[in-house]
Amino acid sequence: CSFYAWTIYQIYQVHLMARIGQVIVIAVIIISMTATLYMYTQHETNFIIAKAGEPVTVGPVQYTVSFDGTSNGNKETKPADMFVRIKIIAKNISDEKTWISKSQFFLMDEKQQKHQSIYGKFSTEDFSEYWLEPNKPVNLTTQFDIPYDDQKKYSITIHPSKQQSSVDVASICITNC
């Protein structure tokens, strides 16, 4: 009879240990999911949608972007298709100098194809890279070599530089919004 009681006790203890193990596994899963969700929300991209002429803030820089026409280039730099120029007013709204470069700007066409900006020294405002001083707005221009069609919609996408370490990305419609 005591043998039987000992066996029932062992069975009860095994079920208890299994239940404790299940609770621990479920707790670990919940904690890891919570930690993952927290990290995801901290690094999730913040998309900002605007139209030409509206100020947008990407990281520590406030940009106002507008369409500045088209161009066939100059005698040193000729486009394969057509240069689409944009005018950029950039203002550093932080207390420290920050870096901007043409590699942060992309022109997106209706097919969502990315076009990198091209540096051509077409004006004194044309830029490749620039250190922005705090609270001092600057006027800059850049251009994109694309098969331009004045009936299509084009937008500029601005990504922060690595130094700015921001999750903001702006998309600014510049034509046929």
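Whatever comes next refers back to the structure up there.
Residues numbered from 1 in each chain as written. Predicted model: local features only at pLDDT ≥ 70, side-chain atom pairs only at ≥ 80, totals over all residues. Heavy atoms only, no water.

(A) Structural view of the overall build of the protein. Summing up its helical and strand segments, the protein has 1 helix and 11 strands in all. For the protein, the N- to C-terminal ordering of α and β elements is α-β-β-β-β-β-β-β-β-β-β-β. Relative to the compact-globule value of 16 Å for 177 residues, the protein shows a C-alpha radius of gyration of 28 Å, a clear excess of over 25%. With the C-alpha coordinates aligned to their principal axes, the bounding extent of the protein is approximately 105 × 40 × 30 Å. Across the 177 residues that make up the protein, the buried fraction comes to 31%. (Helix = DSSP H or I, 4+ residues; strand = E, 2+ residues; numbered from the N terminus. Rg over C-alpha atoms; globule rule 2.2 N^0.38 Å. Buried < 20%, exposed > 50% of the residue type's maximum accessible area, 1.4 Å probe, protein only.)

(B) Main features of the sheet that holds strand S1 (residues 46-51). With mixed pairing, the 9 strands of this open sheet are ordered in space as S1-S11-S10-S6-S7-S9-S4-S3-S2. In the strand order of this sheet, the two ends are held by S1 and strand S2 (55-58), each with one partner. Each adjacent strand pair in this sheet contributes to an overall mean axis angle of 35°, direction not counted. Pairing geometry for strand S6 (residues 105-108) and strand S7 (residues 114-118), over 3 bridges, is antiparallel. From the neighbouring strand, phenylalanine 106 faces S7, where its bridge partner is glutamine 116. (Pairing = 2+ DSSP bridges. Axes fitted to C-alpha atoms, helices over the stretch in contact; angles between N-to-C directions.)

(C) A look at the pattern of salt bridges. One pass over the full model with this rule turns up 3 salt bridges. Between lysine 87 and glutamate 125 there is a salt bridge, with the nearest N and O atoms lying 3.2 Å from each other. Of the two residues, lysine 87 sits in strand S4 (residues 82-92) while glutamate 125 sits in the loop between S7 and strand S8 (129-132), which places them 38 residues apart along the sequence. Residue lysine 97 pairs with glutamate 133 through a salt bridge whose shortest N-O separation is 4.0 Å. Remark: glutamate 133 occurs in the loop between S8 and strand S9 (138-146) and lysine 97 occurs in the loop between S4 and strand S5 (98-101); sequence separation between them is 36 residues. Residue glutamate 133 is classed as partly exposed on the basis of its relative accessible area of 33%. (Salt bridge = Lys/Arg side-chain N within 4 Å of Asp/Glu carboxyl O.)

(D) A look at the environment of methionine 33. Considering the arrangement of structural elements, one finds methionine 33 in helix H1 (residues 2-42). Exposure remark for methionine 33: the relative accessible area of 55% places this residue in the exposed category. Residues methionine 33 and histidine 159 lie 126 residues apart in sequence; the distance between their C-alpha atoms is 29 Å.

(E) A look at the state of the cysteines. Applying the stated criterion to the full structure yields 1 disulfide. Paired through a disulfide, cysteine 173 and cysteine 177 show a sulfur-sulfur distance of 2.1 Å. The sign of the -110° torsion about the S-S bond sets the cysteine 173-cysteine 177 disulfide as left-handed. (Disulfide = S-S within 2.5 Å.)

Purely geometric numbers; function is a separate question.
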